[in-house]
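Summary of the model geometry
So the chains spell out like this:
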Protein chains: 2
Amino acid sequence: MASGIAITVEVDLITALEDQGLRRTYARSAVATRIESVSEAFTAEQLCRDLPEVGRATVYRTIRHLVDAGALCKLPILDGAPMYSIARVEHHHHTICSKCGAVGEFRHSTVERLMRSLEKEIDGEIVGHRMEIFITCNQCLSSTNGGE
Amino acid sequence: MASGIAITVEVDLITALEDQGLRRTYARSAVATRIESVSEAFTAEQLCRDLPEVGRATVYRTIRHLVDAGALCKLPILDGAPMYSIARVEHHHHTICSKCGAVGEFRHSTVERLMRSLEKEIDGEIVGHRMEIFITCNQCLSSTNGGE
DNA sequence: CTCATTATTGATACTTGATATCAATTAGGC
DNA sequence: GCCTAATTGATATCAAGTATCAATAATGAG
């Protein structure tokens, strides 16, 4: 879509669910509120542990609804359960700290330009892409000065 | 397919295992031969089904060894088991057909340049990256002319 | 070649992440 | 308040993958 402008989107998760035609219930509100209050990316199991008053099935279902609504991003983690993070920006990519697992978002116009130039090389039609940058975040960098 | 210099690497999987100090056994040869003969990307379970004479544990272990040796790439698939494909090129990325699941490899100098330019924007040190392009491959494009 | 040592195998049990089932409960309109 | 459909959650189940460990195979020494 746009190249330089980062379009911020819906952040209210309960509204995102209602926009899907889903009812506002205690369980869904609890899940949405919890996700909004933890600023970090999280796994489904973490959320279940944090919300023992909500059933596992409901936690998983609500997460799925939020992903379907585009309000959450599902990030593949090669050796473990996928992580979820709130989608704050229309189209973006993620940074993942290899040490602490912190997830960040970024957006870069070159990525879109790259797609266009790849179109010639690839024997098919590009329908999407995914990109993750693995980093050591500043926090981990500074705490590993003498240690480890 | 690739642009710039594509450095081809070790393709002999049994040798890759021996280079890791592992013994050449019937089971490992069977796994290696099978992987080399199916040109497509595959899942661990597929391989188990294709090789009923080799135990599941051994299939999984051998795959892990090959990934450790850098001879196989492990690709995250968001809603399913990871897929594996032979690493034919030093550093590359993958195309995945959303319809048929076919996996291809490509290499593009812009990707490396992109990483360097991202280094300024990202609050941390880049240690790696991953990128997958989702496509509809030519085969699927041509077979979906009238259909669906 | 034979033995001893060590790596390897694979049946089985288990773990983990996630989904299906379905009776009981809840939300929202009338 | 009542009705109906949506929702919940305990439970069972599934699927991918790993741990266990006795039996087996590969290698080196003699």
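One can find the structure itself at the top, above this paragraph.
Residues numbered from 1 in each chain as written. Chains lettered and ligands numbered in written order. Predicted model: local features only at pLDDT ≥ 70, side-chain atom pairs only at ≥ 80, totals over all residues. Heavy atoms only, no water.

1. Let's talk about the overall build of chain A
Note the cut-off: Where helices and strands are cited, they refer to DSSP runs of H or I of at least four residues and of E of at least two residues respectively, numbered from the N terminus. The buried label goes to any residue with under 20% of its type's maximum accessible area, the exposed label to any with over 50%, and the partly exposed label to all in between, with areas taken from a 1.4 Å probe on protein chains only. To be clear on the numbers: accessible area is Shrake-Rupley with a 1.4 Å probe, and residue cover counts the displayed protein chains and nothing else.
Summing up its helical and strand segments, chain A has six helices and six strands in all. Sequence-ordered secondary structure for chain A, helices as α and strands as β, is α-α-β-α-α-β-β-β-β-α-β-α. The 148 residues of chain A split such that 43% are buried. Accessible surface, chain A: about 7,900 Å² in total, of which carbon and sulfur atoms supply 49%.

2. Focus on the relation of the copies chain B and chain A
Selection rule: Our superposition of the copies is a least-squares fit, built on the C-alpha atoms of residues whose pLDDT is at least 70 in both.
Relative to chain A, chain B is turned by 180° and slid 0.0 Å along the rotation axis, the superposed coordinates differing by an RMSD of 0.0 Å. Here the transformation between the copies is reduced to the relation of a two-fold axis. Within chain B, M131(B) has its C-alpha nearest the rotation axis, a separation of 2.1 Å.

3. Some thoughts on empty space enclosed by the protein
Residues and elements named next belong to chain A. This is how the line gets drawn: Of the two site types, the cavity is a set of points on a 1 Å grid over the protein atoms alone where a 1.4 Å probe fits but cannot get out, and the pocket is an open set with protein on both sides within 12 Å along at least five of seven lines, each lined by residues with an atom within 4 Å of a point. Grid points are joined across faces, edges and corners, and a volume is the space filled by probe spheres set on the points.
One pass over the structure, following the stated rule, counts one cavity of 30 Å³ or more. In this structure, the largest cavity encloses a volume near 30 Å³. Taken together, I14, L17, E18, R23, R24, T25, R28 and S29 form the lining of the largest cavity. Elements with a minimum of two residues in the lining of the largest cavity: helix 1 (13–19) and helix 2 (26–37).

4. Observations concerning the protein's contact with DNA strand D
Worth spelling out the cut-off: Any residue with a heavy atom lying within 4 Å of a molecule or strand is counted as near it. Polar contact is defined as a pair of N or O atoms within 3.5 Å, subject to the rule that within protein one atom must be able to donate a hydrogen and the other to accept it, and that residues adjacent in sequence are counted only when both atoms are side-chain atoms.
Near DNA strand D, the surroundings consist of 18 residues, among which R23(A), T25(A), R28(A), R61(A) and Y60(B) are the closest. Near-protein atoms of DNA strand D (within 4 Å) split between backbone and bases, with sugar and phosphate holding 72%. A distance of 2.5 Å is found between a phosphate oxygen of DNA strand D and a side-chain nitrogen or oxygen belonging to T25(A). Looking at the surface near DNA strand D, the elements that each hand over two or more residues are helix 2 and helix 4 (56–68) of chain A together with helix 3 (44–50) and helix 4 (56–68) of chain B.

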